[in-house]
There are 2 protein chains.
Amino acid sequence: MVDLVIVGTVAYDNIKTPFGSVADALGGSATHASFAASFFAKPGIVGVVGEDFNHVSEFESRNISTKGLQVAKGRTFRWSGYYEYDMHHAHTLETQLNVLESFKPELPGDYRNAESLFLANIDPELQLTVLEQMSPQLVLADTMNYWIEKKREQLLEVIKKTSVFLLNDGEARELFKTTNLITAGRKILQLGPGAVIIKKGEHGVLLFTDSTTFMLPGYPLENVRDPTGAGDSFAGALIGYLSQNSFSEDRLRKAIVYGSAVASFNVEDFGLNKLKRTSMHDIETRYKEFEAMVKF
Amino acid sequence: MVDLVIVGTVAYDNIKTPFGSVADALGGSATHASFAASFFAKPGIVGVVGEDFNHVSEFESRNISTKGLQVAKGRTFRWSGYYEYDMHHAHTLETQLNVLESFKPELPGDYRNAESLFLANIDPELQLTVLEQMSPQLVLADTMNYWIEKKREQLLEVIKKTSVFLLNDGEARELFKTTNLITAGRKILQLGPGAVIIKKGEHGVLLFTDSTTFMLPGYPLENVRDPTGAGDSFAGALIGYLSQNSFSEDRLRKAIVYGSAVASFNVEDFGLNKLKRTSMHDIETRYKEFEAMVKF
């Protein structure tokens, strides 16, 4: 019985940053999110991999259900990219959709009663088909600039159906063609979500609800080695925490701090290397550091 | 008897932003800083103006001593610039140094016993001559990229003699040729200051001491009309508050919040227009908003 469903990509990544590189590293939005969520909850992932995929045991060793992971004929989705010293921007070298091209999410029976859902970054049309298969109390959704440009209408449909919508600062500005994040946040809230979270990378996170604003600065990291999956691990930890607690704005603020703590570990090494070495005690310690650093 | 000395420029500014423009507006680093400080303390300014200057009464009406304001033959320093939608970057059209060219700061007798000093952005050689004329307990200093490039050695001398050094993120990166603000902050602390404050514009403020880090997000403003003087009003309010309280890290954190609150008003209208309409009650209200917005 999974308490949280995470839908997104499972990938093999080739990543180069000024601090090193990895080839064929396990990655993808559903992967980073489910690893992060597994500190708090029992997630089940929905996604697709190819016949070349040999990392199922990595999920199972973290108690992540892979019953919703389809194995399709062909190769697993692959992303190759690099970062320069400004780690806020990923430069894509190659995207091989492979099995992702004909992916149709299908939820196993026991996923359909889960109360929490994270729609990680995939085609908004696929996000909508997931929403037809279940009625969770809490829906968190993410996106990327590509979908804002190519499938804006479908994306707006997704936003209307989310409890909490998540996007980064550049995407928020692009979605409503405004330079101001507060204006963008307000316009998203008008579509229906109870809350919108805008991720600003190293500059932290903004949360808007109809009546309040919450701001969390970024954790001050001196050694960022690979930012890939930062946003997904943030979201995964956030919904992992929320799935175990009754929803309130206070809980949402705490979830943002846990998300930021987990994401700050995620970027300290390539791929999932650092998350695999991180303990719940490490996360609690970083949570307390956040408390001490914003207090006045 | 002034309790706080502020050394810097007094200027007439021509400013254009996407939201309007002003000509010959009273400005300059010492002006914005002393207006902001006057909410908390009785500052005295040290600077120079030309024979065309007719705004002395504006300072006096705010209880800012102008005894240290020299009147020299010639015209007042003038700056012309504009901002595009990215208000983080000022574009300079023209700088007329005028009387500033031969300025030598000279402190009136009763300024020399003040316990607090703010060396706003001017030539570090002039900042050093001020430090020869008084021995305040608390020295806050600011700078700009121009001096980092042209007078690095003299600037490092100034930094060694400050209690709290202040600069923006771009300057911090440039000073020690690093992309990482934590690395930059640590290198500045090694020169001697007890604290370094890095201003990140809309992204807020970082404070580093030898043992702790404090982070305050930027106040979420929907209507920034003119960012000129944001950093100076931040610094002025900060040292204004500190000059009235015994120094501690806790006080420094609170001073950063007051500085951010006053700066957030400063940018809501052109020049000093908004600060003139702002009350201490408005500032306290915004301070409380900060408290509510960072709480988790």
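Note that the coordinates shown come from a computational prediction; the quantities given were computed from them, not determined experimentally.

### Things to note about the overall build of chain A
- A tally of regular secondary structure across chain A gives 11 helices and 13 strands.
- In summary, chain A has a C-alpha radius of gyration of 17 Å against a globular reference of 19 Å for 296 residues, a match within 12%.
- Expressed as lengths along the three principal axes of its C-alpha atoms, the size of chain A is roughly 55 × 40 × 35 Å.
- When contacts within chain A are restricted to residue pairs at least 6 apart in sequence, long-range pairs at least 24 apart make up 60% of them.
- When the accessible surface of chain A is summed, it comes to about 11,800 Å², and 47% of that surface belongs to carbon and sulfur atoms.
- Side chains of chain A give 30 positive and 37 negative charges; the mean places of these two sets differ by 2 Å.

### A look at the environment of Phe 103 of chain B
All names here are of chain B.
- For Phe 103, the position within the fold is in the loop between β7 (90-96) and β8 (116-119).
- Expressed as a C-alpha distance, the spacing of Phe 103 and Asn 14, which sit 89 residues apart in the sequence, is 22 Å.
- When sequence neighbours within four positions are dropped, the list of residues in contact with Phe 103 reads Val 46, Gly 47, Val 48, Gln 70 and Leu 126.

### Focus on the pairing of strand β4 (residues 43-49) of chain A
Residue and element names in this part refer to chain A.
- Of all 7 residues in β4, 7 are buried, a share of seventy percent or more.
- Across the two faces of β4 the burial is the same, with Pro 43, Ile 45, Gly 47 and Val 49 and Gly 44, Val 46 and Val 48 all buried.
- Where strand β1 (residues 4-7) lies against β4, 4 bridges are found, and the strand directions are parallel. Opposite Val 7, over in β4, you have Val 46 as the bridge partner.
- Taken together, the 5 bridges between β4 and strand β5 (residues 65-71) define a ladder with parallel strand orientation. Paired with Val 49 across the two strands is Val 71, which belongs to β5.

### Re the sheet that holds strand β2 (residues 11-17) of chain B
Residues and elements named next belong to chain B.
- Taken in spatial order, the 4 strands make up an open sheet running β3-β2-β6-β7, and their pairing is mixed. Lying at the two open borders of the sheet, with one neighbouring strand each, are β3 (20-27) and β7. Averaged over all neighbouring strand pairs, the angle between strand axes comes to 15°, with direction disregarded.
- Looking at chain direction, β2 and β3 are connected through 6 bridges and run antiparallel. When the sheet's bridge partners are listed, Tyr 12 is paired in β3 with Leu 26.

### Concerning the relation of the copies chain B and chain A
- Screw-axis analysis of chain B against chain A gives a translation of 0.0 Å along the axis, an RMSD of 0.0 Å, and a rotation angle of 180°. Considering both components of the superposition, the chain copies are consistent with a two-fold axis.
- When you check the interface residues of chain B against chain A, 100% turn up at the interface there too, and the contact is symmetric in its surfaces.

### Comments concerning the interface of chain B and chain A
- Chain B puts 30 residues into the contact, and the matching count from chain A is 31 residues.
- Summing the contributions of chain B and of chain A, the shared interface buries around 2,800 Å²; its carbon and sulfur component is 60%.
- Of all residues in chain B, the largest losses of buried area upon contact with chain A belong to Met 215, Glu 222 and Phe 296 of chain B, amounting jointly to 32% of the total for that side.
- As a salt-bridge pair, Glu 222 of chain B and Arg 186 of chain A come within 2.7 Å of each other at their nearest N and O atoms.
- Taken together, the links from chain B to chain A amount to 16 residue pairs in polar contact (both at pLDDT 80 or more).
- For the side of chain B that touches chain A, the secondary structure elements donating two or more residues are α7 (181-190), β13 (213-216), α9 (249-266) and α11 (280-294) of chain B.
- When residues in the side of chain B that touches chain A are grouped by element, the largest group, 6 residues, is from α11 of chain B.
- Broken down by class, the residue content of the side of chain B that touches chain A amounts to 15 nonpolar, 6 polar and 9 charged.

### Notes on the packing of helix α3 (residues 124-131) of chain B against helix α5 (residues 152-160) of chain B
Residues and elements named next belong to chain B.
- Contact pair α3 / α5: the axes reach a minimum separation of 8 Å and the direction vectors enclose 35°. As for the relative orientation of α3 and α5, their crossing is left-handed in sense. Along the contact surface, α3 presents Pro 124, Glu 125, Gln 127 and Leu 128, while α5 presents Gln 154, Leu 155, Glu 157 and Val 158.
- Partitioned by chemical class, the residues of the contact of α3 with α5 number 4 nonpolar, 2 polar and 2 charged.

### So, the layout of surface pockets
- By volume, the second largest pocket is sized at about 290 Å³.
- In this structure, the second largest pocket is lined by 16 residues; those nearest its centre are Ile 182, Arg 186, Phe 208, Thr 212 and Thr 213 of chain B.
- Secondary structure elements with two or more residues in the lining of the second largest pocket: α11 (280-294) of chain A together with α7 and β12 (205-209) of chain B.
- Ranked by residue count, the leading element in the lining of the second largest pocket is α7 of chain B, at 5 residues.
- A breakdown of the residues in the lining of the second largest pocket according to their chemical character gives 6 nonpolar, 6 polar and 4 charged.

### Examining the sheet that holds β4 of chain A
Residue and element names in this part refer to chain A.
- Pairing in this open sheet of 9 strands is mixed, and the strands run β5-β4-β1-β8-β9-β10-β11-β12-β13 from one edge to the other. Lying at the two open borders of the sheet, with one neighbouring strand each, are β5 and β13 (213-216). Taking the axes of each pair of neighbouring strands and ignoring which way they run, one obtains an average angle of 15° across the sheet.
- Strand direction decides the pairing type here: strand β10 (residues 164-168) and strand β11 (residues 195-199), joined by 5 bridges, are parallel. Its bridge partner being in β11, Asn 168 is matched across the sheet by Lys 199.

### Observations regarding the packing of aromatic side chains
- The tally for this structure, following the rule as stated, stands at 22 aromatic pairs over all chains.
- Ring geometry for Phe 40 of chain A and Tyr 241 of chain A: centres 6.3 Å apart, planes at 85°, overall edge-to-face. Within this pair, whereas Phe 40 of chain A is found in the loop between α1 (29-37) and β4, its partner Tyr 241 of chain A is found in helix α8 (residues 230-243), the two being separated by 201 residues in sequence.
- Ring geometry for Phe 296 of chain A versus Phe 214 of chain B: centroids 6.4 Å apart, planes at 75°, classification edge-to-face. In this pair, Phe 296 of chain A is assigned in the segment after α11 and Phe 214 of chain B in strand β13, connecting two distinct chains. Each member of the pair Phe 296 of chain A and Phe 214 of chain B is classed as buried.
- By way of ring pairs, the aromatic residues Phe 40, Phe 214, Tyr 241, Tyr 258 and Tyr 287 of chain A together with Phe 296 of chain B are connected into one cluster.
- A cation over an aromatic ring shows up here: Arg 286 of chain A above the ring of Tyr 219 of chain A, its NZ or CZ 4.3 Å from the ring centre.
- A cation over a ring is seen here: Arg 286 of chain B above Phe 265 of chain B, with NZ or CZ 3.9 Å from the ring centre.

What counts and how
Residues numbered from 1 in each chain as written. Chains lettered and ligands numbered in written order. Predicted model: local features only at pLDDT ≥ 70, side-chain atom pairs only at ≥ 80, totals over all residues. Heavy atoms only, no water. Helix = DSSP H or I, 4+ residues; strand = E, 2+ residues; numbered from the N terminus. Rg over C-alpha atoms; globule rule 2.2 N^0.38 Å. Contact = heavy atoms within 4.5 Å. Areas by Shrake-Rupley, 256 points an atom, 1.4 Å probe, with all protein chains shown as cover. Lys, Arg positive; Asp, Glu negative; His and termini not counted. Charge placed at Lys NZ, Arg CZ, Asp CG, Glu CD. Buried < 20%, exposed > 50% of the residue type's maximum accessible area, 1.4 Å probe, protein only. Pairing = 2+ DSSP bridges. Axes fitted to C-alpha atoms, helices over the stretch in contact; angles between N-to-C directions. Least-squares fit on C-alpha atoms with pLDDT ≥ 70 in both. Buried area = accessible area lost by both parts, 1.4 Å probe. Salt bridge = Lys/Arg side-chain N within 4 Å of Asp/Glu carboxyl O. Polar contact = N/O pair within 3.5 Å; in protein donor to acceptor, adjacent residues only side chain to side chain. Nonpolar A, V, L, I, M, F, W, Y, C, P; charged D, E, K, R; others polar. Left-handed = near helix turned anticlockwise from the far one by under 90°. 1 Å grid on protein atoms, 1.4 Å probe; cavity = no way out; pocket = protein on both sides within 12 Å on 5 of 7 lines; lining within 4 Å. Points joined across faces, edges and corners; volume = space filled by probe spheres on them. Phe/Tyr/Trp six-rings, centres within 6.5 Å; stacked < 30°, edge-to-face > 60°. Lys NZ or Arg CZ within 6 Å of the ring centre and 35° of its normal.

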